[in-house]
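# Residue-level structure breakdown
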Amino acid sequence: MEWEEYGVRINGKKLNHLKYGPVLGGSGSYTPNTLCNQKYNIFSFVPLVLFQQFKFFLNLYFLLMACSQFIPMIQIGSPITYWGPLGFVLCITLIREALDDFVRFLRDKEMNGEQYEKLTRDGTRVSVKSADIAVGDIIIIEKDRRVPADVVLLRTSEKSGACFIRTDQLDGETDWKLKIAVPFIQRLPSEADIMDINCEIYAEKPQKDIHQFVGTYKVTADDTAQDGSLNVENVLWANTVVASGTAHGIVVYTGRETRSVMNTTLPESKVGLLDLEVNNLTKVLSSESTTRRSSSYVCRSVYSGRYRYLMRFVLLFSYIIPISLRVNLDMAKLFYAHQIGRDKQIPGCVVRSSTIPEEMGRVAYLLSDKTGTLTKNEMHFKKIHLGTVSFGADSFEEVAQHVRSAYAGKLGRHSFSSKLQSAVEAIALCHNVTPIYENGTTSYQAASPDEVALVKWTETVGSKLAHRDLTQMILQLDDGEKRSFKILHLFPFTSETKRMGIIIKDETSDEIYLLMKGADTVMSGMVQYNDWLEEECSNMAREGLRTLVVARKPLTLEEYNAFDRAYHAAKMTVSDRTENMAAVVNRMLEKDLQLLCLTGVEDRLQDQVTTSLELLRNAGIKIWMLTGDKLETAICIAKSSGLFAKSDNVHVFGQVNNRTEAHNELNALRRKSDVALVMSGSALNVCLQYYEVGSSFTLGVRKWLKLVCACTSVVCCRCSPEQKAQIVNLLKKYRAPLRVAAIGDGGNDVSMIQAAHAGIGIDAHEGKQASLAADFSITQFSHICRLLLVHGRFCYKRSCALSQFVMHRGLIISTMQAIFSCIFYFASVSLFPGLLMVAYSTAYTMLPVFSLVVDRDVTATNALTYPELYKDLGKGRSLSYKTFCIWVLISLYQGAVIMYGAIIFFDQDFLHIVSITFSALIITELIMVAMTIHTWHWAMLVAQALSLGLYAISLIVLTQYFDRDFVLSSLFVLKTTAITAVSCLPLYIIKALRRKFSPPSYAKEYGSRMGYLLTVGCYLVAFAPTTTLFLRLVASDPLKVILFGCGSFVWLVSLLLTSIVWTALIPLQDYLWVSLIVSIVLQESARVVCFFVLRSAQKGLASMANPTSAQHVRITGVMSLANSRHLLAVVIGLGMGAVAALFLTMNAFDAISGSGVVGGLKQTLDGVHLRSSFPRLLPLHWSINAMLLSMLHIVWTVLVWDSCHHYAIRRDAAAAAASTTGQSSSGGATASTPLLQNEHQQWWMPALIAVAFHFASTVVSYLSSSNWGFVAISLKLIILISLTFYCYSIVRHDSPFSLLKEIALALRDWITLAALRDMCSKKEQENASNAEMNRGTDEGIGHQRWVEFSETTKNFHGENIRGMGIQRIFLSK
């Protein structure tokens, strides 16, 4: 083997060499020690991101469509129509990628800028950045500092030359690793002496394996040379952390050549099944778009055969393919990840892959590890067996007595106590445990919790491990005596050898022993003949214990010296060093060992693992346990954890060696039913080899998997990590499209986790390697139930609804465009202007559609209570070709109704077709979102209100697209409402009938729910007064309708702010009164703000009332709120009361039906508590509460506004008086000032009464949670009546008793049918008035409407009040 120098020299007084070898071709350069995890640089960012986006068909398609708009011949409207959505998508992507890459840049900058110290040629320390460290530098790494590069440990601050490091960021293991310095350099007096020696270090080529290192060193000093081997115990890998002392090391690998970087591989990008289904549906949409454009072009060719029309039709129907679908789904997935991470029921859960949260909702197979996953990986010593007798937990005190007697020397060498003492001593010495003393406490560091359990047990029986370093161990006995043992050689445990050994020398007797422990499968061939080991191993395994065989072998000095020479020669070899060392140990030591004992350690089950497995099994998920443990232990854990049901027949697949035996075992399995299968890894290999022979491999594997998958549960024991991944891949390939999930906690589970559709890692005792490699990280197994059954369900159902609505949004507008083109002889003209098209898919509908990501069809509690609901998700019915076709038909129907309805109803006003169709389209989309929602969330209401409010503002502001006078007319509102009702009402009826006669599975599980008739009846009761007042007072005037909507919106915003404040005051929940007072003051402040906003908008309202400047008339009822404030207060209060009643009833009825409103608003709605003792009358109880609440909001608004009005007048009068100070005034004016002050000196009284009674009503509402529910209703009714009388006295400036007179007159009129006669007379007058008005101009009509508004205001103030009957009572309130 030829070694080649790799070109690094450290110049001291003598020369230090660092060489790599073997090197093919050689190289004299090294990679810089810089970390760069950035995906882009300043030049490649935009091109690479755009390339990644436009390699998808959808984005490239829309890019071509947008670029075509620069060609005038085929341009359709404004280019913003196409560049707007595409630019929005690209901007979102660019911003997201830029932020992610900037975070990576900051992290790299921080790592590269870390300061370290290195030794110079004169032995002094200088500071150096991590990025400036080069191969050959000798650096100093302090405790708790990251190792910046791969270094060979030369020296430590510990005298023993030992150094502990933490490797959890490298291999995920949490235990400390022991590293050993080069002995010669460790013995140097000071660190400066390192530069006075000539040291040559040879290292292997950079490799990925972090568990092996091959190297040698040769030190020459004072004409003497010393050489030695270097292995993994002498190396500190980069990104590990020094846990003890200070380390001096020489850098051997930097940058990309370090082990940590070489083992950093980008995980495979997983694509969820939902994304594949959406992609397929997008292809169907593309086909439908092609069909539409081809048909339109063929029909157009009858009139004109130019090919440019084909391109124009391609552009017109491009909205069928939703460009925003991918953005909406990506944003939704980020929201899902945020929700899962914030779930307090599964603390510590981390979503590491936000692209596949929907996969958790369709898992069919769950493959689980055993140790640390189903069990805690917390080991407890339970049993020791010596062949003739065994000791359990209840007899360990007897073991301690035997050990004390043996150490006392009073018994013979071959007595039973001496044998037991030898076994205990071997257990106390054969390990790699190191005691750590910190802050007066003792802890143990080891590579395995099994070893810690064994050492802790030996301490309880009289052999405590008091000290350990590289060369010595000290045991402390019960009597205080200490026994010292010299460590000669240590053979660590590996997963390949499954054993560990140590050669020690008893410094008391100078005896040399080889101590060894390991698995029974490998130790049984090394120990002397016995007839009990195999049987007792099986017995302990059936008890669920992990077994270890302990043995020893005495060595003479000659035998040891011969072994030491051979072993040193093997260590100095460069190629195949590990194999050579293992061969020497096996040939010279591992034969004819004396069997000392058999130990049993228990690994306890995880908390709630039994109930979790039962939940998952009831959810239709088949659970397979893949473990490397023994067959008997695996069966025991499967039974105790509940993986095997009590009714299952356990079938153990026998050990097979050939094709015939495997065929016989499979036939035996085929004849059984309700069977749980137990299979070993070797049998699995034989079966796969048998089916792999010949061309029938695929068919054979399908049959084998079908047979195995038919079992209720499967356990694979003695399974290697490669076999675990192989099983996952087989299930993915041959059981597609079923989803496979894998869960584990150790490094041996990483391959299985990464191969599964959804990998789940447990952050537990074995480290973080599985957790870091997984898509989802949890802290214990029981959390997987909520992760799958709750979050998996929510993510899948929400994404399905979101995808369908985004497609529906494009289909319905494309249908309208197709009908429009057909009507106008297949003209390739856009139906809506470009700005409206962009606003349709963004400002007007984006928020309501995206708010579906907070919808839920069942509560989390019900999803866990009824796990059977999860079975339906695996069938994929929420998003399938059937549901897609249904939504296509809905889009066709609604698009046709809106388009043809607009033409039929507005055939004489065809110029307003944009206003009609677009308004009906927006409202239809919002109603469809509302019909799809299962459980209302405050975010949904806010989204609906914002979208509707923004569109209402657009109708008034965007005069270039909408005629303001036309859209404010009652005719527009009436006919648009009719079109919308025809497009949505049949769908609602069909949905209601389907839910009634074919309810969904979750409705069946819940049992009794509120029926449709009861729900509709309760809503009618709750909103009867509100509806009556709206029809009689508001509906006839568009301005009042707008004010009603403003009141609703203001109260919706106030509820949202109240919810935020309530959440912020959660720490004060013990002081409930504080939260209530703050919430009520905030809500009442919304009324005050609304008053002053409307008061400031008087001139604007007047302009809207009469836009013609030539005929501008001062409208008293609008220009001065002093005359119309009570009427406006009733309208605004009516809108506020409607929203408050809606929230109250919605919250109550949904909770009664088993669902309930999500979010903070649930806590703030007038004290809603649903635990009542009146289950039959509970819906009616809350309906009456809602009815009273809506009326209370009217009187509260009247009172607050009255105080605000008087305050404003008082303030204006004070300002006027201040401005006229020093000027002469008339006597009348001087006399009016005291009168004004006297009139408004108690302006605050009505508002104070409103706030006080609001607080009283809220407090009374809390009686609804007890047996005093109807008492609460009575008290609220008394409050309403009292406030109504008080409002009457304010409005009329009259005695409240006059109201009783008005009520009596109203009852008289009702009994004598006076109202009916007045109605008929009024109808005749209206007909005559309409005939007269039809001869007037539009300006005259607007003027007449506002004059009537003013006259109504005057009547309301009492000038002509008597003849208005019962309506006057409601208006007074």
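Above: the structure in question.
Residues numbered from 1 in each chain as written. Predicted model: local features only at pLDDT ≥ 70, side-chain atom pairs only at ≥ 80, totals over all residues. Heavy atoms only, no water.

Along the chain, the regular secondary structure elements total 47 helices and 34 strands. Of the contacts formed within the chain by residues at least 6 apart in sequence, a portion of 73% connects residues at least 24 apart. Looking at the chain as shown, the accessible area adds up to about 61,900 Å², and 58% of this sits on carbon and sulfur atoms. (Helix = DSSP H or I, 4+ residues; strand = E, 2+ residues; numbered from the N terminus. Contact = heavy atoms within 4.5 Å. Areas by Shrake-Rupley, 256 points an atom, 1.4 Å probe, with all protein chains shown as cover.)

One finds L616, F781 and I784 to be the most contacted residues of the largest nonpolar core, which totals 127 residues. With 15 residues, helix α39 (residues 1121-1152) is the largest single contributor of residues to this core. In this view, I784 contacts L366, L616, I743, I760 and I778; residues no more than four positions away in its chain are not counted. Listed in part, the 43 residues of the second largest apolar core include F381, V399, A426 and C430. (Core = buried A, V, L, I, M, F, W, Y, C linked by side-chain atoms within 4.5 Å. Buried < 20%, exposed > 50% of the residue type's maximum accessible area, 1.4 Å probe, protein only.)

For helix α8 (residues 324-341), which comprises 18 residues, the first-to-last C-alpha distance of 26 Å matches the rise-based estimate of 26 Å (1.5 Å per residue) to within 8%. The complete set of buried residues in α8 reads S324, L325, V327, N328, L329, A332, K333, Y336, A337 and I340. (Expected span 1.5 Å × (residues − 1).)

Take the packing of aromatic side chains next. Inspection of every chain in the model, using the stated rule, returns 22 aromatic pairs. A ring pair is formed by F213 and W237, whose centres lie 6.1 Å apart and whose planes are at 75°; its orientation type is edge-to-face. Placement of the pair is F213 in the loop between β9 (198-203) and β10 (215-221) and W237 in the loop between β12 (235-236) and β13 (241-242), with a sequence separation of 24 residues. Relative accessible area serves as the criterion here: at 3%, F213 is assigned to the buried category. W237 sits in the buried class, given a relative accessible area of 3%. With 4.2 Å between their ring centres and 20° between their planes, F381 and W457 make a pair best called stacked. Taken together, the residues span a long stretch of sequence, with F381 in strand β17 (residues 375-385) and W457 in helix α11 (residues 449-460) at a distance of 76 residues. There is no split in this pair, since F381 and W457 are both buried. (Phe/Tyr/Trp six-rings, centres within 6.5 Å; stacked < 30°, edge-to-face > 60°.)

Note that an α-helix has 3.6 residues per turn; residues three or four places apart therefore point the same way. Among the residues of helix α13 (residues 533-542), those classed as buried are L533, E536, C537, S538, M540 and A541. Against the buried residues of α13 lie β17, α12 (520-523), β26 (545-555), β27 (594-605) and α17 (631-641). Directly after α13, the chain includes G544, whose backbone phi takes a positive value near 80°.

Here we come to the sheet that holds strand β6 (residues 150-156). Across the sheet, 6 strands lie side by side as β4-β3-β5-β14-β6-β12; this open sheet has antiparallel pairing. Lying at the two open borders of the sheet, with one neighbouring strand each, are β4 (125-129) and β12. Note: strand β3 (residues 115-119) against β4, 5 bridges, orientation antiparallel. By the bridge assignment, L119 is partnered in β4 with R125. (Pairing = 2+ DSSP bridges.)

So, on to the environment of S1079. Checked against the element boundaries, S1079 lands in helix α36 (residues 1072-1096). Placed 22 residues apart in sequence, S1079 and L1057 show a C-alpha to C-alpha distance of 8.8 Å.

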